[in-house]
Amino acid sequence: MNRTQFVEALSAKAELTKKDADAFLTAYVDTVTEAMQAGDKVTLVGFGTFEVRERAAREGRNLRTGEAMHIPATKYPAFKAGKSFKEAVK
């Protein structure tokens, strides 16, 4: 399902216009993104949790040359599904 299809489904379920559903989706994504940029965790009970996780620095290898290289620590977004959501998908 792409964004357009999602907006159509959302507008039908919530009885909104497609324009309002698209505005809601944009606001939702922006709000989650801003919260995660600030280092906050976003928890939607029954659905799941969006959070920022840290990947430790490590040593790797350049596959072409075999040369050892340092891979710096990074932060990345993660989602952990809630129990209700997991059960619904099973």
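Up top is the structure.
From a predicted model like this one, the values you see are computed outputs, not experimental measurements.

What is the right way to read the environment of Asp20 from this model?
Its place among the elements puts Asp20 in helix H2 (residues 18–37). A residue is classified by how much of its surface remains accessible, and Asp20, at 43% relative accessible area, is partly exposed. Sequence-wise, Asp20 and Ser84 are 64 residues apart; in three dimensions their C-alpha atoms are separated by 27 Å.

For this particular structure, what's the right way to read the side chain of Glu51?
Among the secondary structure elements, Glu51 is positioned in strand S2 (residues 48–55). For Glu51, the side chain forms a polar contact with the side chain of Arg53, separated by 3.1 Å. In this structure, Glu51 is in contact with Met36, Lys41, Tyr76, Pro77 and Ala78, ignoring residues within four places of it in sequence.

Just checking my understanding: could you explain the sheet that holds S2 for this structure?
What links the strands of a sheet is backbone hydrogen bonding, and the strands pair in either a parallel or an antiparallel sense. Strand order in the open sheet formed by three strands is S1-S2-S5, and the pairing between neighbours is antiparallel. The open sheet has two edge strands with one neighbour each: strand S1 (42–44) and strand S5 (74–81). Between one strand axis and the next, the sheet turns through 30° on average, direction left out of account. In this sheet, S2 lies alongside S1 in antiparallel orientation, the contact comprising three bridges. Across the sheet, the residue bridging to Leu44 is Gly48, located in S2. Contacts from H2 reach S1, S2 and S5, with the element oriented near 40° to S2.

I keep staring at a nonpolar patch on the surface and nothing clicks. Help me out?
On the surface, Leu44, Phe47, Phe79, Phe85 and Val89 cluster together into a nonpolar patch covering about 400 Å² of accessible area. Structurally, the position occupied by Phe79 is in strand S5. Classification of Phe79 by relative accessible area gives partly exposed; the value is 34%.

Reading guide: rules and limits
- Residues numbered from 1 in each chain as written.
- Predicted model: local features only at pLDDT ≥ 70, side-chain atom pairs only at ≥ 80, totals over all residues.
- Heavy atoms only, no water.
- Helix = DSSP H or I, 4+ residues; strand = E, 2+ residues; numbered from the N terminus.
- Buried < 20%, exposed > 50% of the residue type's maximum accessible area, 1.4 Å probe, protein only.
- Polar contact = N/O pair within 3.5 Å; in protein donor to acceptor, adjacent residues only side chain to side chain.
- Contact = heavy atoms within 4.5 Å.
- Pairing = 2+ DSSP bridges.
- Axes fitted to C-alpha atoms, helices over the stretch in contact; angles between N-to-C directions.
- Patch = residues over 30% accessible without salt bridge, like charges linked within 9 Å, V, L, I, M, F, W, Y side chains within 5 Å.
- Areas by Shrake-Rupley, 256 points an atom, 1.4 Å probe, with all protein chains shown as cover.
- Salt bridge = Lys/Arg side-chain N within 4 Å of Asp/Glu carboxyl O.

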